[in-house]
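# Descriptive structure summary
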Amino acid sequence: MKRLIETIKNIFKIEELRKRIFFTLGIILIYRLGSFVVIPGINPTMLDTLTAQSDNNGLMGLLDMFSGGAFSNASIFALGIMPYISASIVIQLLAMVVPYFQKLQREGESGRRKINQWTRYLTIVVLMLQGPAYLANLYSTIPAEGFVLGVDSFLFRLVAMGSMIAGTMFVMWLGEKITDRGIGNGISLIIMVGIIARLPFAFIAEMNTRFTGAAGGLVMLVVELVILFLVFAGAIALVQGQRKVPVQYAKRIIGNKQYGGVRQYIPLKVNAANVMPIIFAQALMFIPMIFSRFDSTQGIAAVFGDYQGFWYNFTFALLVVAFTYFYTAITMNPNMMAEDMKRNGGFIPGVKPGKRTAEYIDTIMTRITLPGSIFLAIVAILPAFAMKIGITQQFALFFGGTSLLILVGVVLDTLQQIESYLLLRHYDGLMKTGRIQGRRG
């Protein structure tokens, strides 16, 4: 405890870091206040049915978690930052197959600005598609008297769409400000804040469930918290896990100085795809719900609409494994790594430079991706197992899936940012046993 207090004092001794932390907290406060601002034209007292739907529906509950409760509040931030994330994923995929975006990636800072601009334009397109879908859900959930301007009012549709588009773009701007003037990782930090904001409500709901009936009481609650701790520990191990490939650089003498001649390592991550396979797999798992409108295919929709069912989770796990290999293959380029290594005079001991090095790196990536993908699939379906043992759906979402990996990854990155400031000013790091080894460790 004494060391923790001393570390906190050291953090606030650094003026720049102190200003960045307070600025970040101020932006987060603005974001949280905005999540309670209801879309103009909706009566806030009539939102009970929308809240109940978010609590009882797996998809709606997931969206509500990512938006920090703004989805169930019918807030101007209801769509949250997810349209921007979807647009970013599309642009990232285009950068791998479209020469124009590949060229922008190689242009450095100017190319990055152009890619960000294209991402913003695509975000507006995604909002134009998701906004009407959200309004349709409001029409089917909220009673007619909940709409002040009337259910079929064109003015309400126009105001609601404009409010949601402006809200999402404003959240994007807040995230960029945190990245520029805060402690970094603005978009990820906003998603994490939205997830954490739902944790107290989920925990209180779980406590009420345990203590209001014969559901295990305090003992079962303690067991759940122990399991949650072990799941978080496993997720941290998954995020941090890496295979270090030794690289030897040849000695070079330039002028009176000698360069190279030292051994370094290429950190190949066990989970190089991070949370993306789960996001892709979840998007595909929503497709069977389209068939619920047809009588002949309602059975398929019912099977894949059961989030605790065997076939849903089995298919979900297989998709996560497949997308892990797919995303790792398109983001990790062994040929480019081998060429860069050869160009800088580096080589892997015992492996010939060039094609042999690329094959060696590809073999290692294939081997370490298998356990990483299986572990990621297990993490993805853990909420279903949590609900099977009686944990409420709200609290079960924290036992795995996208929310768990985002929490772990963003917390590690944020702590790394803070630790870099401490070490730069010759203070001790956050950990007593050494530096934090996060995603960029």
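Note that the structure is a prediction, hence the values are computed from the model and not measured. The residue numbering used here restarts from 1 in each chain and proceeds along that chain's sequence as written. Under the rules for a predicted model, residues below a pLDDT of 70 receive no local features and side-chain atom pairs below 80 are neither given nor counted, while totals for whole chains, interfaces and linings still include all residues. Hydrogens and waters are ignored; side-chain quantities use all the structure's heavy atoms.

### Re the overall build of the protein chain
The condition is simple: Runs of H or I in DSSP of at least four residues are treated as helices and runs of E of at least two as strands, each being numbered from the N terminus. The rule is simple: take the accessible area with a 1.4 Å probe, protein chains only, and divide by the maximum for that residue type; under 20% is buried, over 50% is exposed, in between is partly exposed. In what follows, residue pairs with any heavy atoms lying within 4.5 Å of each other are defined as contacts. Accessible areas in this description were obtained via Shrake-Rupley with a 1.4 Å probe; residue shielding takes into account the shown protein chains only.
Broken down by element type, the protein chain carries 17 helices and five strands. Sorting the 441 residues of the protein chain into buried and exposed places 44% on the buried side. Taking the contacts inside the protein chain whose residues are at least 6 apart along the sequence as the reference set, 70% of them involve residues at least 24 apart. Approximately 22900 Å² of the protein chain is accessible, and the part contributed by carbon and sulfur atoms is 65%.

### A word on the packing of aromatic side chains
Geometrically, a pair of aromatic rings is defined through the distance of the ring centres and the angle of the planes. Note the cut-off: Side-chain rings of Phe, Tyr and Trp (the six-membered ring for Trp) are treated as a pair once their centres are within 6.5 Å; stacked means planes under 30 degrees apart, edge-to-face means over 60, and tilted covers the remaining angles.
Applying the stated rule across the entire model yields 16 aromatic pairs. Between Y31 and F77 the ring centres are 5.9 Å apart and the planes differ by 15°, which places this aromatic pair in the stacked class. Of this pair, Y31 sits in helix α2 (residues 15–34) while F77 sits in the loop between α4 (58–66) and α5 (82–97); the two residues are 46 residues apart in sequence, bridging distant segments of the chain. Overall, Y31 belongs to the buried group, its relative accessible area being 2%.

### Quick word on the sheet that holds strand β1 (residues 242–249)
Worth spelling out the cut-off: Being paired, for any two strands, means DSSP has found at least two bridges between them. Axes here mean lines fitted to C-alpha atoms, for a helix over just the part in contact, with angles spanning 0 to 180 degrees between N-to-C directions.
Strand order in the open sheet formed by three strands is β4-β1-β5, and the pairing between neighbours is antiparallel. Across the chains shown, the open sheet's two edge strands, defined by having one partner strand only, are β4 (263–269) and β5 (346–347). Pairing analysis gives seven bridges linking β1 to β4, with the strands arranged antiparallel. Paired with P246 across the bridge in β4 is Y265. The strands that helix α15 (residues 355–388) touches are β1 and β4; relative to β4, the one it contacts most, it runs at about 45°.

### Some words on the environment of R120
Looking at where R120 falls in the secondary structure, it is placed in helix α7 (residues 109–141). Given the relative accessible area of 23%, R120 is considered partly exposed. Considering only alpha carbons, one finds R120 and M172, 52 residues apart in sequence, at a separation of 8.9 Å. Leave out the neighbours within four places in its chain, and R120 touches M169, M172 and E176.

### What to know about the side chain of T123
Take T123: it is sitting in helix α7. A relative accessible area of 0% means that T123 is categorised as buried. Non-local contacts of T123, meaning those with residues more than four positions away in its chain, are made with P83, Y84, A87, T168, M169 and M172.

### Considerations on helix α10 (residues 217–240)
Helical geometry: 3.6 residues make up each α-helical turn, so side chains three or four residues apart lie on a common side. What counts here: In this scheme, a helix's expected span is set at 1.5 Å multiplied by one less than its residue total.
With 24 residues, α10 should reach 34 Å at 1.5 Å per residue; the first-to-last C-alpha distance of 35 Å fits that figure. What α10 keeps buried is the set G217, L221, E224, L228, V231, G234, A235, L238 and V239. In this structure, the buried side of α10 is in contact with α9 (186–211), β4, α15, α16 (393–396) and α17 (401–424).

### Re the pairing of β1
Relative to β5, β1 runs antiparallel, the two sharing two bridges. What sits directly across from Y249, in β5, is G346.

### Some thoughts on the nonpolar core
Basically, it comes down to this: We call a set of buried residues a nonpolar core when its members are Ala, Val, Leu, Ile, Met, Phe, Trp, Tyr or Cys and they connect through side-chain atoms within 4.5 Å of each other.
Within the largest apolar cluster, 70 residues are counted, with the highest numbers of intra-cluster contacts made by I81, I191, I195, F316, V320 and L405. Sorting elements by how many residues they give to this core places α17 first, with ten residues. The residues contacting I195, other than those within four sequence positions of it, are M65, F66, F398, S403, I406 and L407.

### Quick notes on unusual backbone geometry
Here A74, not a glycine, exhibits a phi torsion of approximately 50°, which is positive. One can find A74 in the loop between α4 and α5.

### Quick word on helix α14 (residues 334–343)
Heads up, the rule is: The directions from the helix axis to the C-beta atoms are what the arc is built from. In protein, a polar contact requires one atom able to donate a hydrogen and another able to accept it; more generally it is a pair of N or O atoms within 3.5 Å, and residues adjacent in sequence count only if both atoms are side-chain atoms.
What α14 keeps buried is the set P334, A338 and M341. One side of α14 carries all its buried residues, which in axial view fall inside an arc of 65°. Of the exposed residues in α14, those oriented more than 90 degrees away from the buried face are N335, M336 and R343. The N-cap residue of α14 is N333: its side-chain oxygen and the backbone nitrogen of N335 are 3.2 Å apart. Just past α14, the residue G345 takes up positive phi, approximately 75°.

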